Every structure is written in C-alpha cells, then in structure tokens.
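Per-entry structural report
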Amino acid sequence: QVQLVESGGGLVQPGGTLRLSCAASGRINSINVMGWYRQAPGKQRELVATITGSGRTNYADSVRGRFTISIDNAKNTVYLQMNSLKIEDTAVYYCAAGSRWPMAIQDVNWWGQGTQVTVSS
C-alpha cells in the first residue's frame, strides 16, 4: 500500500500564491507517476498536473504557465506551486499516485485525503 499526505491548502486572494506538498510513504517502488487532481463543488474531479521521478511533466491547459509541479525523490514528496491564483481555482486538491504515464484518472491507484484551496477576495 501507498499512503499520501497533503499539506499547504488555505485561503488566498485572487492573484496570490500557495504551495501544496504531498509526501508518499509505504510501497514507494510501486509509484511511477505522482500528481494533483482537483474537484470543485458540483464538478467532476479533473487533472491539474502530473510528474514522473525523472521530471517529465504534464499540465492541464487551465493551469499551464501559472502552476508548477516538482518532485523531490529523496523525500518522496511532490509539490505544486500555484501562482496567479484565480477564483475558479477554488477546489479540493487531491494528491494522486500511480504507475502509468500520464496518469489519467482511471490510472490513479492511490489518493490523498484532499486539501481545500479557496481563492476569494
């Protein structure tokens, strides 16, 4: 099994920044891809960004150029730096891990518990 623990959510004004972290533990060798999904109220869960251990990245069009995903393999931790946040970025953000690139939602094997990000003035 793999455990994913997120941190870093909160309330921020439009145009602000936040950084999310997700630490993985357990059967780390089972993971080839890590990343972030989000789910806004009344909407389906959607991909935000994914990354491999070698640093290959994939972003949703809605966040490309504003968000940056990175990974620290020594700490088994993935980060999501979110800049120029918009009201429409408000959602619960879920850390995800799997074995298949680029990790579409059906390929996610493990989920974190989620962390709330609220963008509001």
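Residues numbered from 1 in each chain as written. Predicted model: local features only at pLDDT ≥ 70, side-chain atom pairs only at ≥ 80, totals over all residues. Heavy atoms only, no water.

Here's the deal with the packing of aromatic side chains
This model, assessed by the stated rule, comprises two aromatic pairs. Considering the side-chain rings of Tyr 37 and Trp 111, the 5.4 Å spacing of their centres and the 75° angle between planes classify their relative orientation as edge-to-face. Of this pair, Tyr 37 sits in strand E4 (residues 33–39) while Trp 111 sits in strand E10 (residues 108–111), placing them 74 residues apart in sequence. By relative accessible area, which is 2% here, Tyr 37 ends up buried. A ring pair is formed by Tyr 94 and Trp 111, whose centres lie 6.3 Å apart and whose planes are at 85°; its orientation type is edge-to-face. Of this pair, Tyr 94 sits in strand E9 (residues 91–98) while Trp 111 sits in strand E10; the two residues are 17 residues apart in sequence, bridging distant segments of the chain. Classification of Tyr 94 as buried rests on a relative accessible area of 15%. Residue Trp 111 is classed as partly exposed on the basis of its relative accessible area, which comes to 33%. Among the aromatic residues, those joined into a cluster by ring pairs are Tyr 37, Tyr 94 and Trp 111. Across the ring face of Tyr 94, the terminal group of Arg 45 is positioned such that the distance to the ring centre comes to 3.7 Å. (Phe/Tyr/Trp six-rings, centres within 6.5 Å; stacked < 30°, edge-to-face > 60°. Helix = DSSP H or I, 4+ residues; strand = E, 2+ residues; numbered from the N terminus. Buried < 20%, exposed > 50% of the residue type's maximum accessible area, 1.4 Å probe, protein only. Lys NZ or Arg CZ within 6 Å of the ring centre and 35° of its normal.)

Comments concerning the sheet that holds strand E1 (residues 2–7)
Taken together, four strands build an open sheet; the order of strands is E1-E3-E8-E7 and the sheet is antiparallel. Looking along the sheet, the strands with just one partner apiece sit at the ends: E1 and strand E7 (67–72). With direction set aside, neighbouring strand axes in the sheet form an average angle of 15°. (Pairing = 2+ DSSP bridges. Axes fitted to C-alpha atoms, helices over the stretch in contact; angles between N-to-C directions.)

Brief notes about unusual backbone geometry
Note: most peptide bonds trans; most residues except glycine with negative phi. The residue after Trp 101, namely Pro 102, is reached through a cis peptide bond having omega -5°. Relative to the assigned elements, Pro 102 resides in the loop between E9 and E10. Its identity as a non-glycine residue notwithstanding, Ser 84 has a phi of 50°, on the positive side. Assessed through its relative accessible area of 41%, Ser 84 is described here as partly exposed. Although it is not a glycine, Met 103 adopts a positive phi angle of roughly 65°. Relative to the elements of secondary structure, Met 103 occurs in the loop between E9 and E10.

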